[in-house]
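# Summary of the model geometry
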Amino acid sequence: MRSHPAIPGLDAAAVGNPITRLGVSFFPIYLPGNKLPEIATGDQADCEIDELDNAAVPKLSVHNRGDRPALLVEGEHFLGGKQNRMVNVTVLVPAATKLEIPVSCLEQGRWGRARSYRRAPSFTPAKVRSRHQRAVHASMRDAGSRRGDQGAVWNDVHLLLDEHSMHSPTGAAADVDAVYERDRKRSSAVEELTRGGPLPGQCGVAVAHGRWVTAIELFGAPHLLRAHWSGIVRSHLIGSASPNGRPSPSAVLSLIQRFGSLRTNAVQGVGLGVERRGENRWLTGQALTLDQSFVHGAAFAQEAP
């Protein structure tokens, strides 16, 4: 593991005006042109997700059957298999390649007959994902492992289910999504944001609760964000927002600059590229770069005071 002074490509980021719904503000982020190869992601990627031959909770198999690298994004939520999982780190799978990827379980009460995997309509809920990323960072720093804190994940999922008075027989994060079926205001906000975005040229999004910027999600090209837009929006609207204060584009830009200047430890990615990860008193962030070009990154602010 080697130290790098910064995450490339973020020093020229620009921020647009937000859309605010239910106390949550979504700021568009724009990045300059990037020298990336053709990359498939989301439903456009020809990937098969499956259990290992000897199934294990913290690992899944991914087979990219396509002729382009395929991007799996940290926080993606897959339903099926022996239990539902989330991806621990962003992985760029080479074309026509099978890899083992590190995952964590988002469903405590099932380890049953394997079913085919499919993408959940939402990414892992943002609050669960934020704490999980800090745990993976600590695991990488202390043990060189991409494992999360499985017990903490299950606890966070149960807290979220309780928050929404949602019963789940298997303690599954996916069951929190039922809130969109019973809460018309929340489902309308998702429909509106999904229909209206991302904007042309938009590469990322910053999320704010009131004046507090909670998260940044960035991709190296607009089509990569577009493929995951609805799932990302849903994951941030699932929680209860605190609408105190007004969001500030300058606060968003400040957090992006802190993310870009974060001193990171760099290791070879699970697939293609270099995985960079760092933490300071403001945020925890991870990014994947390929030949010094930015592919994907996400940063979560430390808990609000």
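Structure: above.
These lines cover the structure that appears in this document, whether it is placed above or below. Just so it is clear, the structure is predicted and the values come from calculations on it, not from any experiment.

Counting its secondary structure elements, the protein chain contains six helices and 19 strands. Its C-alpha radius of gyration of 18 Å places the protein chain within 12% of the 19 Å reference for a compact globule of 305 residues. If one aligns the C-alpha atoms of the protein chain with their principal axes, the spans along those axes are about 50 × 45 × 35 Å. Across the 305 residues that make up the protein chain, the buried fraction comes to 55%. Accessible surface computed for the protein chain: about 13,100 Å², of which carbon and sulfur atoms make up 49%. Here the protein chain contributes 35 positive and 29 negative side-chain charges, whose respective centroids are spaced 4 Å apart.

For strand β14 (residues 204–209), the buried fraction is high: six of the six residues fall into the buried class. Residues G204, A206 and A208 line one face of β14 and the alternating positions V205, V207 and H209 line the opposite face, and both faces are buried. Taken together, the six bridges between β14 and strand β15 (residues 212–219) define a ladder with antiparallel strand orientation. If you follow V207 over to β15, its bridge partner there is A215.

Its location among the elements puts T90 in the loop between β10 (85–87) and β11 (91–93). There is a polar contact of 3.1 Å between the side chain of T90 and the backbone nitrogen of E74. Within polar-contact distance, the side chain of T90 engages the side chain of H296 at 2.9 Å. If we skip the residues at most four places from it in the chain, T90 touches L71, L72, V73, E74, Q286, L288 and H296.

What follows concerns the sheet that holds β11. Pairing between the strands of a sheet is mediated by backbone hydrogen bonds and can be parallel or antiparallel. Here we have three strands laid out as an open sheet, ordered β5-β8-β11, and mixed in their pairing. Across the chains shown, the open sheet's two edge strands, defined by having one partner strand only, are β5 (40–41) and β11. When strand β8 (residues 70–72) meets β11, the two strands line up antiparallel, connected through three bridges. Residue pairing in the sheet places L71 in a bridge with L92 of β11.

Another point: the environment of E100. Along the chain, E100 falls in strand β12 (residues 97–105). Residues E100 and P222, 122 residues apart in the sequence, show an inter-C-alpha distance of 27 Å. In this structure, E100 is in contact with L52, K59, L60 and V270, ignoring residues within four places of it in sequence.

This paragraph deals with the pattern of salt bridges. Under the criterion given, the structure shown has 17 salt bridges. The salt bridge involving D46 is made with R65; its shortest N-O contact spans 3.2 Å. In this pair, D46 is assigned in the loop between β5 and β6 (47–50) and R65 in the loop between β7 (59–64) and β8, connecting sequence segments 19 residues apart. Under the relative-accessibility criterion, D46 is labelled partly exposed at 37%. A residue is classified by how much of its surface remains accessible, and R65, at 46% relative accessible area, is partly exposed. Between R65 and E48 there is a salt bridge, with the nearest N and O atoms lying 3.7 Å from each other. Taken together, the residues span a long stretch of sequence, with R65 in the loop between β7 and β8 and E48 in strand β6 at a distance of 17 residues. One connected set of salt bridges, linked through shared partners, spans D46, E48 and R65.

Reading guide: rules and limits
Residues numbered from 1 in each chain as written. Predicted model: local features only at pLDDT ≥ 70, side-chain atom pairs only at ≥ 80, totals over all residues. Heavy atoms only, no water. Helix = DSSP H or I, 4+ residues; strand = E, 2+ residues; numbered from the N terminus. Rg over C-alpha atoms; globule rule 2.2 N^0.38 Å. Buried < 20%, exposed > 50% of the residue type's maximum accessible area, 1.4 Å probe, protein only. Areas by Shrake-Rupley, 256 points an atom, 1.4 Å probe, with all protein chains shown as cover. Lys, Arg positive; Asp, Glu negative; His and termini not counted. Charge placed at Lys NZ, Arg CZ, Asp CG, Glu CD. Pairing = 2+ DSSP bridges. Polar contact = N/O pair within 3.5 Å; in protein donor to acceptor, adjacent residues only side chain to side chain. Contact = heavy atoms within 4.5 Å. Salt bridge = Lys/Arg side-chain N within 4 Å of Asp/Glu carboxyl O.

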